[in-house]
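Remarks on the overall topology
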Amino acid sequence: MIRYLLIISFMVCFIKADNYTYLLDKYQKETELEAKIVVKIAKDILVNKPVILYIPGMKSLDYKVYSSFVKVTKLCSEANFVFVKYSKSHKCQKKGKNSYILTNNYKKLLSDKTFLGAFFWSKSRPNIVLVKSRLSQKNIYLPREYERYIEDL
């Protein structure tokens, strides 16, 4: 009798463990989609230059996913594209290097003019907003597919 109770309890544990594994995979899939979109924006902004991405406060999953698409650095001074995802502070010292900064927070985009645009999730959907005047200041000309994402703020 005890043997059957143990077998049943182990089976319940295995069934519940699959549910938690599914949630982990879902998060990784969202991060992969985010990475593909951010890297595409970076490549279209940098045109023929290789993208060297920096994410302040980067987590290990971010490094694993983003590095499969593009070169990722842990030093802001080496990057030519910055995606501010976690950190409140993104300032770094760059000597004569042009870098382009994207955020995942729409409010930060409105309040800080250093951001070219924002990529963020709203109602479980990805949203892209690029600021026309900031793109013009840096002489960035994007393909026509970005027209619906470019706004005057």
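Keep in mind the model is a prediction, meaning the values are calculated, not measured. (Residues numbered from 1 in each chain as written. Predicted model: local features only at pLDDT ≥ 70, side-chain atom pairs only at ≥ 80, totals over all residues. Heavy atoms only, no water.)

Regarding the environment of Lys 138
Test applied: Each helix is a run of H or I in the DSSP string that is no shorter than four residues. Each strand is a run of E no shorter than two, and both are numbered from the N terminus.
With respect to the element layout, Lys 138 can be found in the loop between α4 (132-137) and β7 (150-151). As for Lys 138 and Ser 99, which are separated by 39 residues in sequence, their C-alpha atoms are 9.9 Å apart.

Things to note about the confidence of the model for the protein chain
What counts, and what does not: Residue-level confidence of the predictor, termed pLDDT, takes values from 0 up to 100.
The predicted model of the protein chain has a mean per-residue pLDDT of 83, with 78% of residues at 70 or higher. Strand β2 (residues 71-73) holds the highest mean pLDDT among the elements of the protein chain, 94, whereas helix α1 (residues 2-46) holds the lowest, 73.

As for the side chain of Thr 31
Heads up, the condition is: Each residue is placed in one exposure class: buried if its accessible area under a 1.4 Å probe, protein chains only, is under 20% of its type's maximum, exposed if it is over 50%, and partly exposed if it falls in between. The contact criterion used throughout is that any non-hydrogen atoms of two residues lie within 4.5 Å.
Inspection of the secondary structure assignment puts Thr 31 in helix α1. Overall, Thr 31 belongs to the buried group, its relative accessible area being 3%. Other than its neighbours up to four places away in sequence, Thr 31 contacts Leu 61, Asp 62, Val 65, Tyr 66 and Lys 85.

A word on the side chain of Thr 103
Note on placement: Thr 103 falls in strand β4 (residues 100-103). A relative accessible area of 0% places Thr 103 in the buried class. Non-local contacts of Thr 103, meaning those with residues more than four positions away in its chain, are made with Phe 83, Val 84, Lys 108, Leu 109, Phe 115, Gly 117, Ala 118 and Phe 119.

Some words on the pattern of salt bridges
Worth spelling out the cut-off: Between Lys or Arg on one side and Asp or Glu on the other, a salt bridge is scored when a side-chain nitrogen of the former is within 4 Å of a carboxyl oxygen of the latter.
Inspection of every chain in the model, using the stated rule, returns 5 salt bridges. The partner of Lys 85 in a salt bridge is Glu 34, with the nearest N and O atoms 2.6 Å apart. Here Lys 85, found in the loop between β3 (81-84) and β4, pairs with Glu 34, found in helix α1; they are 51 residues apart in sequence, far enough to count as distant. The exposure class assigned to Lys 85 is buried, which follows from its relative accessible area of 11%. For Asp 62, the salt bridge identified is with Lys 85, shortest N-O distance 2.7 Å. Highlighted residues: Asp 62 in helix α2 (residues 60-66) and Lys 85 in the loop between β3 and β4, separated in sequence by 23 residues.

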